[in-house]
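Breakdown of the fold
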Amino acid sequence: MPALVHGTAVVVGTTGLILVGASGSGKSSMAIRMMEGARRSGHLARLVSDDQVFVDSVNGRVVATAPGTIKGRIELYGSGIGHAETIDHAVLHFALHPVVADSANRIPEENQGWKPAEGITLPLRFIDRRFIDPFPWLMSLIPGFPVSGTFQV
């Protein structure tokens, strides 16, 4: 049974990412900037879901889908609700947590995981939410990012 979680899921190339964190932490804004950076670099980028995401374990993979009522919609902080190109579902590979990095947390602990429900775990990475274009940082942070190819579940 899928778990409904608070987050924003996107796919870049064939790499599925879910941004997690408290309301107002910059998940939607970072997703928009990340998708735009990916497109400028010639990669496919699509929104799966913003604010609420269904996650489920399917054949040993973590799969994200959008609730039907919000599919294709994304919060534009301070401006309202916008629309984004979407994909119906995506295999998730990493969870990203937007943070404001400073000298106290500039190098987070390694091997952290995001566990939204029983039997579902993803590697967790942290990224400074102040980056104007997070795409180059993700290319350095995640080996092989983004993976190009066809979408599969």
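Our subject is the structure listed above.
Keep in mind it's a predicted model, so treat the numbers as computed, not measured. (Residues numbered from 1 in each chain as written. Predicted model: local features only at pLDDT ≥ 70, side-chain atom pairs only at ≥ 80, totals over all residues. Heavy atoms only, no water.)

**A look at the side chain of Ser28**
Take Ser28: it is sitting in helix H1 (residues 27-40). For Ser28, a relative accessible area of 10% gives the class buried. Ignoring anything within four residues of it in the chain, the contact list for Ser28 reads Thr8, Asp50, Ile74 and Glu75. (Helix = DSSP H or I, 4+ residues; strand = E, 2+ residues; numbered from the N terminus. Buried < 20%, exposed > 50% of the residue type's maximum accessible area, 1.4 Å probe, protein only. Contact = heavy atoms within 4.5 Å.)

**Side note on the nonpolar core**
If you look at the biggest cluster of nonpolar residues, it comprises 20 residues, and the most contacted ones within it are Leu17, Met34 and Leu138. Elements with a minimum of two residues in this core: strand E1 (3-12), strand E2 (15-19), H1, strand E3 (45-58), strand E7 (89-99) and helix H2 (135-141). Among the elements that line this core, the one with the most residues is H1, at five residues. By size, the runner-up hydrophobic cluster in this structure holds 19 residues, among which are Val55, Leu92, Leu122 and Leu124. (Core = buried A, V, L, I, M, F, W, Y, C linked by side-chain atoms within 4.5 Å.)

**A closer look at the packing of aromatic side chains**
Aromatic rings considered in pairs are described by the distance between their centres and by the relative angle of their planes. Overall, the coordinates contain one aromatic pair when judged by the stated rule. Ring centres of Phe135 and Phe145 lie 5.7 Å apart, and the angle between their planes is 55°; on these two criteria the pair is classed as tilted. With Phe135 in helix H2 and Phe145 in the segment after H2, this pair connects stretches of sequence that are ten residues apart. Phe135 gets classed as buried once you look at its relative accessible area, which sits at 2%. On the basis of relative accessibility, which here comes to 6%, the residue Phe145 falls in the buried class. (Phe/Tyr/Trp six-rings, centres within 6.5 Å; stacked < 30°, edge-to-face > 60°.)

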